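The lines below spell out each chain.
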Amino acid sequence: MQKAAIFIDGANLFFTQRHLGWQIDFSRLMNYFTYRYHVASVRYYVPSPDPPSEDQSAFNRVLLTHGFEIISKPVKKIVNKETGEVVMKGNLDIELAVDAMLTESLYDQFILFSGDSDFMPLLKALQLKGKTVSVYSTRGISSRELYSGPDIDFHDLALLEREIGQSESGGGTAVAEQGYTRLPEPGELFTGSVLSVKPYGIFLVNPFHVKCLLPLSFLGVTQRIADLSSIIKMDDRFDVTVFAVDTAHDIPQITVKLSSKAMSEELERRVKAPG
């Protein structure tokens, strides 16, 4: 899989969703990309009131739970001295562009969520560095340069509702309100996909919208694993059993054990014959 980095212009995406008339389920969005790429990072740039509102804090918990990195800065209040009009300003375009250039060695595919043509110089600069660039927005409000520009892989979000939209069951709304749908019970079984791999274990996308760690010691592998990331594939699926549920932090975390003997044997085979 190509290594991809995803950069989301949060303010622009907010208005894009209003234009589309439906909301993105950020759990499904992460799944959408982890099936297609080795995701190096997902960064969400958003202005934030200071202090953050309860709604903003709940939304941030949802993003953090699913592996998003949040980059924010306080909204500025600019007062027109002549009219007394107050204008709220909170643009993070420069921060996004600088981060994209500073981290360009970490990815091959640059994915931008924005319809703002101000990012065209960034896209051109990354193309000159040999990067593939993709833009996710919608033609209704996106600048023409982005969906008709040379070598820009444009994806219209209007066509992706079935893949990344919130379900009619209201699950996405529940997540937005409290950060998770429900907590599992110890011993409960489910199948998780790879969100990220750390030296100490694998974080899994899970149906409960919480942090989910499959520790290295719970993989059922007898061989020493020197580099876990070298034997885990981003399209792996893990049948797991809930071992422990931790609610002591803002974002609940569950620890799970691999329950599939066949997967343990497959991982053992990969350790013995890497690649």
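Since the structure is predicted, the reported quantities are computational estimates derived from the model, not experimental observations.

1. Quick word on helix H3 (residues 54-65)
Thought 1: For H3, spanning twelve residues, the distance from its first C-alpha to its last is 17 Å, which sits close to the expected 16 Å at 1.5 Å a residue.
Thought 2: Among the residues of H3, those classed as buried are Gln 56, Ala 58, Phe 59, Asn 60, Val 62, Leu 63 and Thr 65.
Thought 3: The positive-phi residue at the C-terminal boundary of H3 is Gly 67, with phi of around 90°.

2. What to know about the confidence of the model for the protein
Thought 1: On average, residues of the protein score 85 in pLDDT, and 88% of them are at 70 or above.
Thought 2: Predicted confidence in the protein is weakest over helix H8 (residues 171-178), with a mean pLDDT of 38, and strongest over strand E6 (residues 109-113), with 97.
Thought 3: Contacts from residues 169-180, a stretch scored under 50 in pLDDT, to residues over four places away or in other chains number 22 contacts.

3. Structural notes on the sheet that holds strand E12 (residues 237-246)
Thought 1: One closed barrel holds the five strands; their spatial order is E9-E10-E11-E13-E12, and the pairing between them is mixed. Put simply, the sheet's adjacent strands are angled 50° from each other on average, direction ignored.
Thought 2: Pairing analysis gives five bridges linking strand E9 (residues 189-198) to E12, with the strands arranged antiparallel. Among the inter-strand pairings, Gly 192 is bridged to a residue of E12, identified as Phe 238.

4. With respect to the sheet that holds strand E1 (residues 3-9)
Thought 1: Ordered by their spatial adjacency, six strands build an open sheet running E3-E2-E1-E6-E7-E8, and the pairing between neighbours is parallel. A strand with exactly one partner marks an edge of an open sheet, and here the two such strands are strand E3 (69-74) and strand E8 (152-156). Geometrically, the sheet is characterised by an average inter-axis angle of 20° between neighbouring strands, direction not taken into account.
Thought 2: As defined by bridge partners, E1 adjoins E6 across five bridges and the pair is classed as parallel. Bridge pairing links Phe 7 to Leu 112 in E6.
Thought 3: Running over the sheet, helix H4 (residues 93-102) touches E1, strand E2 (38-48), E3 and E6 and is turned about 170° from E1.

Reading the values: the criteria
- Residues numbered from 1 in each chain as written.
- Predicted model: local features only at pLDDT ≥ 70, side-chain atom pairs only at ≥ 80, totals over all residues.
- Heavy atoms only, no water.
- Helix = DSSP H or I, 4+ residues; strand = E, 2+ residues; numbered from the N terminus.
- Expected span 1.5 Å × (residues − 1).
- Buried < 20%, exposed > 50% of the residue type's maximum accessible area, 1.4 Å probe, protein only.
- pLDDT = per-residue confidence, 0-100.
- Contact = heavy atoms within 4.5 Å.
- Pairing = 2+ DSSP bridges.
- Axes fitted to C-alpha atoms, helices over the stretch in contact; angles between N-to-C directions.

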